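Here is how the chains run, residue by residue.
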Amino acid sequence: MKKLVIILLLASFACERKPKTEIAAWQPYNESQELAANQDHESVRMRYKLIQSKVTDKNDIWATVADQIAYFSEEDYQKLEPLILNQDIPTLQNHVKSGALSYELLTQWYLHRIVKYENDRNTMLNAIIALNPDAVEIAKQRDKEAAEDNPPIFGIPVLLKDNINTVGMNTTAGTELLKNNQTPDAYIVERLKDKGAIILGKTNLSEWANYLCLECPNGYSAAGGQTLNAYGRKKFDTGGSSSGSGVAMAANYAAAAVGTETSGSILSPSSASSLVGLKPTTGLLSRSGIVPLSSTLDTPGPMTRTVVDNAIMMDAMQGKDEEDPASSGNPESKMYMQNLEKGSLRGLKLGINKNLLTDSIYKITVTKLKALGAETIEFEPEQPDFGGFVDLLNADMRVDLPAYINKYAKDAVKVNNIEDIIAYNKQDSTVRIPYGQGRFEGMLVTDLTETELQELKDRLKKEGMRFFETPMQKHDLDAVLSINNYYAGYAAAAQYPCLTVPMGYTDDGEPKGLTFIARPYEEDKLLKMGYAFEQ
């Protein structure tokens, strides 16, 4: 009887669908007035030079979608909205199991929504660089394979930051140089697909993971244009570098997204878009097949609307990868969804940075945490010696990026090193580097021996750990609490995991996140804290 009900419900949708319609062609527009209006923005980094990409034609993106949503109408979209909009993954799965929804309709709903808003100059956020031409066909297959014991991520549409290798879509890192870069799947993408996830598309980012120019806006890339914050277009910063993943999730363009972080690049855009973002211990999730900034610090991580969804993504992506030395030494896998709902703040000792208590939202949140049974302990933060952090990034990227190109992109580009990329960009600077390439040029003046580089890494790790361990050991703390991506650099160097969870909004509506920081491989502990706070 249940199968009959499902068939009838889905059949009724099919009968009600309108005849095939075409997606309206995107027309590039004169954005000069728009740009001029933003030149008095209080943040210099948000005084944009351009918004639309000069590299990617939106019509090429829509061409991959047209047939997939040809018979999915606006009426279908509106009918399904209550079942999908702002819903967490378990709720979506329950709707599929009940017959109210299918993976095919879920995927079409997200694609329709992306086109609906991204193909309109008044609502576009420039969050999407590419969409999977096979997404709906994969969803249909997932409907056929649906079973009670499937993983929670099964059949769920997921977006990936466009520095993560993905079959069927180019991996650009936001740069014109890699616009034709076709690769095999990254390890974490293989893991997601093995668990049945549907890779819906690729999101915009701050070009080269925010390591190209010195004063450029967060969220800008040549391949994707300027990402705009869903909570305030051209008003609020998107954060970087996983800006497109953050904005896409805020706009409900997918059920979950993946970002990457070197120092703040998951925490910053997650906080800016009122999301849950997890920066794992470096190496807990594989980095193989991801365009690198720093092999010392890089990590992917989930960006979601709820803590539950974050845990589901962690369960799906984890695994020891023999090609990533940092991954191979991980402890045995944990199930992050397991006992998540038993998370509690009662009895936990949480470190409160006195310097942050001038922030009214943080101060109010500390009061809430006390009411929930946590013991909050104020501390004076250490002043670590963090000189040379940029030198570490420069030295790593100078080696790691050419290694990636040689392994994955040598058929797509004819460059071998940073010098080649700098020269290539200068050939058409208005398109390729409108904000310059100061960070790339800075790499050329960093000259460290292997011994000097290792000593620098050791010192920065020690100093990062000292920043957290001094109060943690003195007060026997379970976690230290921060705001947004504050102190992300120290956590990166120490390789400590961080979880940011929405904690409120400023008077003009800009989101802020409460960030929990714990010791390596305590992601399960962080997720339980975050879940309890979220509830």
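For clarity, every value in this text was computed on a predicted model and none was experimentally measured.

In this section: the pattern of salt bridges. What the rule picks out here adds up to 23 salt bridges. Of the charged contacts, one joins Arg-142 and Glu-145 as a salt bridge, the two residues approaching to 3.5 Å between their closest N and O atoms. Highlighted residues: Arg-142 and Glu-145, both in helix H7 (residues 135-145), separated by three residues, approximately one helical turn. Judged by its relative accessible area of 12%, Arg-142 is buried. With a shortest N-O distance of 3.8 Å, Lys-525 and Glu-522 are connected by a salt bridge. We classify Lys-525 as partly exposed; its relative accessible area is 26%. Residues participating in the shared-partner salt-bridge network are Glu-176, Lys-179 and Arg-432.

Let us now look at the sheet that holds strand S11 (residues 479-483). On the basis of which strands lie adjacent, the open sheet formed by 11 strands has the order S1-S3-S2-S6-S8-S7-S12-S13-S11-S9-S10 and mixed pairing. Each having just a single partner strand, strand S1 (128-131) and strand S10 (375-379) make up the two edges of the open sheet. Pairwise comparison of adjacent strand axes, ignoring direction, gives a mean angle of 30 degrees for this sheet. Pairing between S11 and strand S13 (residues 511-517): four bridges, direction antiparallel. Its bridge partner lying in S13, Ser-482 is registered against Thr-515. Sheet contacts for helix H6 (residues 103-118): S1, strand S2 (157-161) and strand S3 (198-203); angle to S3, the most-contacted strand, approximately 15 degrees. This element, helix H10 (residues 243-250), spans S1, S2, S3, strand S6 (256-261) and strand S8 (299-304) of the sheet and lies at about 155 degrees to S6.

Another point: the environment of Gln-39. Relative to the elements of secondary structure, Gln-39 occurs in the loop between helix H2 (32-37) and helix H3 (58-63). Sequence separation between Gln-39 and Glu-441 is 402 residues; the distance between their C-alpha atoms is 27 Å. Excluding residues that lie within four positions of it along the chain, Gln-39 makes contacts with Arg-47 and Tyr-48. Within the structure, the side chain of Gln-39 is placed 2.8 Å from the backbone oxygen of Leu-35, a separation counted as a polar contact. Engagement of the side chain of Gln-39 in a polar contact is seen with the backbone oxygen of Tyr-48, the distance being 2.9 Å.

Next up on the list: unusual backbone geometry. Between Gly-240 and the following residue, Ser-241, the backbone shows a cis peptide bond with an omega angle of 5 degrees. Of note, Ser-241 is situated in the loop between strand S5 (225-226) and H10. One non-glycine residue, Ala-209, lies in the positive phi region at around 55 degrees. The class of Ala-209 is buried, set by a relative accessible area of 12%.

Counted by the stated rule, this structure contains one disulfide. Sulfur-sulfur distance for the disulfide between Cys-213 and Cys-216 comes to 2.0 Å. Sign of the S-S torsion, about 100 degrees for the bond between Cys-213 and Cys-216, identifies this disulfide as right-handed.

Extensive coverage of S13 is indicated by the burial of seven of its seven residues. Side chains Pro-511, Gly-513, Thr-515 and Ile-517 project from S13 onto one buried face, and the interleaved Lys-512, Leu-514 and Phe-516 project onto a second face that is buried too. The hairpin formed by strand S12 (residues 498-505) and S13 contains five residues between the paired strands, and Gly-509 there has a positive phi angle of roughly 95 degrees.

Attention now moves to the nonpolar core. Counting residues in each nonpolar core, the largest one holds 162 residues, and the members touching the most others are Ile-153, Leu-192, Trp-208 and Phe-440. No other element matches the 10 residues that helix H15 (residues 389-409) contributes to this core. Beyond its immediate sequence surroundings of up to four residues, Trp-208 is in contact with Ala-173, Thr-175, Leu-177, Leu-178, Val-291, Met-397, Leu-401, Ile-421 and Phe-440.

Turning to helix H14 (residues 360-371), a few remarks are in order. Because each turn of an α-helix spans 3.6 residues, side chains separated by three or four positions in sequence point in the same direction. Its 12 residues place the ends of H14 17 Å apart at the C-alpha level, agreeing with the 16 Å of an ideal helix rising 1.5 Å per residue. Three or more residues of H14 are buried, namely Ile-361, Tyr-362, Thr-365, Val-366 and Leu-369. Each buried residue of H14 sits inside an arc of 140 degrees when the element is viewed along its axis, so together they form one side. For H14, the exposed residues set more than 90 degrees away from the buried face come down to Lys-363, Thr-367 and Ala-371. Residues of H14 that are buried in the fold lie against strand S9 (349-353), S10, S11, S12, S13 and helix H21 (523-534). Looking at where H14 begins, the residue whose side-chain oxygen comes 3.0 Å from the main-chain nitrogen of Ile-361 is Asp-359. After H14 finishes, the residue Gly-373 shows a positive phi value of roughly 100 degrees.

Let us look at the side chain of Gln-68. You can see Gln-68 is positioned in the loop between H3 and helix H4 (74-84). For Gln-68, a relative accessible area of 9% translates into the label buried. Among the polar contacts made by the side chain of Gln-68, one reaches the main-chain carbonyl oxygen of Asn-132 at a distance of 2.9 Å. Those residues in contact with Gln-68, other than ones at most four positions away along the chain, are Gln-108, Leu-111, Asn-132, Pro-133, Asp-134, Ala-135 and Val-136.

Here we come to a negative patch on the surface. Where like charges cluster on the molecular surface, the negative patch consists of Asp-447, Glu-452, Glu-455 and Asp-458. Residue position: Asp-447 is located in the loop between helix H18 (438-443) and helix H19 (450-475).

This part takes up the packing of H6 against H7. Following both chains from N to C, one finds H6 and H7 inclined at 155 degrees, their axes separated by 7 Å at the closest point. As the angle between them shows, H6 and H7 are arranged roughly antiparallel. In contact with Tyr-103, Glu-104, Thr-107, Gln-108 and Leu-111 of H6, H7 contributes Ala-135, Val-136, Ala-139, Lys-140, Arg-142 and Asp-143. Of the residues assigned to the contact of H6 with H7, the class counts are five nonpolar, two polar and four charged.

A separate point is the confidence of the model for the protein. The pLDDT averaged across the protein works out to 95; a share of 96% of its residues lies at or above 70. Confidence, read as mean pLDDT per element, is least for helix H1 (residues 2-16) in the protein (48) and greatest for S2 (99). In the model, residues 1-8 has pLDDT below 50 throughout and makes four contacts with residues more than four positions away in sequence or in other chains.

Inspection of the secondary structure puts Thr-107 in helix H6. Given the relative accessible area of 0%, Thr-107 is considered buried. Taking the C-alpha atoms as reference, Thr-107 lies 9.3 Å from Ile-69; in sequence the two are 38 residues apart. The contacts of Thr-107, once residues within four sequence positions are left out, are Ala-135, Val-136, Ala-139, Pro-157, Ile-198 and Leu-200.

What counts and how
- Residues numbered from 1 in each chain as written.
- Predicted model: local features only at pLDDT ≥ 70, side-chain atom pairs only at ≥ 80, totals over all residues.
- Heavy atoms only, no water.
- Salt bridge = Lys/Arg side-chain N within 4 Å of Asp/Glu carboxyl O.
- Helix = DSSP H or I, 4+ residues; strand = E, 2+ residues; numbered from the N terminus.
- Buried < 20%, exposed > 50% of the residue type's maximum accessible area, 1.4 Å probe, protein only.
- Pairing = 2+ DSSP bridges.
- Axes fitted to C-alpha atoms, helices over the stretch in contact; angles between N-to-C directions.
- Contact = heavy atoms within 4.5 Å.
- Polar contact = N/O pair within 3.5 Å; in protein donor to acceptor, adjacent residues only side chain to side chain.
- Disulfide = S-S within 2.5 Å.
- Core = buried A, V, L, I, M, F, W, Y, C linked by side-chain atoms within 4.5 Å.
- Expected span 1.5 Å × (residues − 1).
- Arc of directions from axis to C-beta.
- Patch = residues over 30% accessible without salt bridge, like charges linked within 9 Å, V, L, I, M, F, W, Y side chains within 5 Å.
- Areas by Shrake-Rupley, 256 points an atom, 1.4 Å probe, with all protein chains shown as cover.
- Lys, Arg positive; Asp, Glu negative; His and termini not counted.
- Charge placed at Lys NZ, Arg CZ, Asp CG, Glu CD.
- Parallel < 35°, antiparallel > 145°, perpendicular 65-115°, else oblique.
- Nonpolar A, V, L, I, M, F, W, Y, C, P; charged D, E, K, R; others polar.
- pLDDT = per-residue confidence, 0-100.

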